[in-house]
Amino acid sequence: MAEAQIIDGKKIAGDVRAEVAKEVARLIAEHGVKPGLAVVLVGEDPASKVYVKNKAQQTVEVGMKSWEYKLPAETSEADVLALVNKLNNDAACHGILVQLPLPKHINSEKVLNSIHPDKDVDGFHPVNVGRLWVGERALVPCTPTGSIILAKSVKPNLSGMDAVVIGRSNIVGKPVAALLLRENCTVTIAHSRTKNIEDIVKCADLVIAAVGIPEMVKGSWIRPGAIVIDVGINRVPSENGKTKLVGDVAYDECAKVAGAITPVPGGVGPMTIACLLRNAAQAAAMQIGAKSVFA
Ligand code: NDP
């Protein structure tokens, strides 16, 4: 059997950023509004600092205004809430992202829920979760949106497909299941208590793995020709004594059976920031009462 088509997340993320840049230019030209995205980082987590730097850089590259608020680890919850409140009331700021994880003394749920739903570019606020499930215009979590864009790059119409999502987190599994339902897939959500997971995955035309277990999904689980989207990012020891990134899918085995597959790295990963920028442009359009090309 021929090897699977490799879905190039890096290229497709570039295409999404180009669409965002076009939409930003349109909002400026037609409405005189430059979309603005604020990112709040509390503490010194090295990975978070890299994410925030990349987000800010890409925000500027698509023509948006970017603000970075870097607060010391000992900042009180009240001060973080006060900053979010200030940004909620700042008309120039259309999107607010609070980088997780927050230091332990801060209640993340309380902070995330204090972001105005229309500025909630992560799509984690319960109002946006509800809007997504009832089919209203919502800001949708970024990694799930990116996963669907990648699947649709192979098969633009997913209607009627049997989709299996492995994982039911609020960040990936549940929202990706809601999006698949919106695409008219028949959706099964598997999780840690699911029986006979291998047999369930074998029935899928489309598999989205978001588990956090390195290379859990084996080639023998994949239905020939299926589309496989691997959300997992796991750091494991490599042969040279260093570490390497692998997904939740055993890539080499699965690529021999699947019709199309995302690599790790270079698959879903690059889509997350691209979809964050997409959400910020959508949020700006919503706030000024303009049409958005994204929702
Ligand atoms: P969580 O740990 O929040 O959720 C993992 C899910 O997997 C849970 O629902 C859990 O089930 C399920 N699970 C655990 N063990 C098994 C098992 N043996 N069989 C079936 N299901 C199982 O992880 P996230 O959703 O946040 O992330 C998942 C992966 O995606 C991680 O590798 C993470 O690094 C990656 N990720 C990548 C992003 C990107 O930008 N590409 C962004 C976000 C995450 P239960 O609910 O029963 O415990």
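It should be emphasised that the depicted structure is a prediction, and the values quoted were computed from it without experimental measurement.

A. Region of the structure containing the sheet that holds strand E1 (residues 5–6). Here we have six strands laid out as an open sheet, ordered E1-E11-E8-E7-E5-E6, and parallel in their pairing. Pairing within the sheet leaves two strands with one partner each, and these edge strands are E1 and strand E6 (186–190). Here strand E5 (residues 162–166) runs beside strand E7 (residues 206–209); their pairing, made up of four bridges, is parallel. Residue Val164 lies in a different strand from E7, and its bridge partner there is Val207. Sheet strands touched by helix H6 (residues 142–154): E1, E7, strand E8 (227–230) and strand E11 (260–261). Its angle to E8, the strand with the most contacts, is close to 155 degrees.

B. Spatial organisation of the state of the cysteines. Taken as a whole and assessed by the stated rule, the structure comprises zero disulfides. Sulfur of Cys93: no disulfide; nearest cysteine sulfur belongs to Cys142 and is 15 Å away. Cys275 takes part in no disulfide bond, and the closest cysteine sulfur to it belongs to Cys142, at a distance of 6.4 Å. By relative accessible area, Cys275 is classed as buried at 1%.

C. Up close: the sheet that holds strand E2 (residues 36–42). With parallel pairing, three strands are arranged side by side in an open sheet as E3-E2-E4. The sheet is open, and its two edges are formed by strand E3 (65–71) and strand E4 (95–98), each paired on a single side. Each neighbouring strand pair of the sheet contributes to a mean axis angle of 15 degrees, computed without reference to strand direction. Where E2 lies against E4, four bridges are found, and the strand directions are parallel. Within the sheet, the bridge partner assigned to Val40 lies in E4 and is Val98. Packed on one face of the sheet, helix H2 (residues 46–61) meets E2, E3 and E4 and runs near 160 degrees to E3. Each of E2, E3 and E4 touches helix H3 (residues 77–88); the most contacted strand, E3, lies at about 165 degrees to it.

D. Molecular detail of the nonpolar core. In this structure, Val20, Met64, Leu158, Leu180, Leu206, Ile208 and Ile229 are the most contacted members of the largest nonpolar core, which totals 51 residues. Secondary-structure elements contributing two or more residues to this core are helix H1 (9–31), E2, H6, E5, helix H7 (173–182), E7, E8 and helix H10 (269–287). Looking at this core element by element, the count peaks at nine residues for H10. With residues near it in sequence (within four places) discarded, Val20 still touches Val62, Met64, Ala274, Leu277, Arg278, Ala281 and Phe294. The next biggest cluster of nonpolar side chains, apart from the first, holds 21 residues, and it includes Val201, Ile222, Ala226 and Val249.

E. Examining the environment of Tyr51 more closely. By the element assignment, Tyr51 lies in helix H2. Classification of Tyr51 as partly exposed rests on a relative accessible area of 45%. C-alpha separation for the pair Tyr51 and Trp133, spaced 82 residues apart in sequence, amounts to 28 Å.

Scoring rules and cut-offs
- Residues numbered from 1 in each chain as written.
- Predicted model: local features only at pLDDT ≥ 70, side-chain atom pairs only at ≥ 80, totals over all residues.
- Heavy atoms only, no water.
- Pairing = 2+ DSSP bridges.
- Helix = DSSP H or I, 4+ residues; strand = E, 2+ residues; numbered from the N terminus.
- Contact = heavy atoms within 4.5 Å.
- Axes fitted to C-alpha atoms, helices over the stretch in contact; angles between N-to-C directions.
- Disulfide = S-S within 2.5 Å.
- Buried < 20%, exposed > 50% of the residue type's maximum accessible area, 1.4 Å probe, protein only.
- Core = buried A, V, L, I, M, F, W, Y, C linked by side-chain atoms within 4.5 Å.

Note that every value here comes from positions in space, so none of it alone points to a role or purpose.
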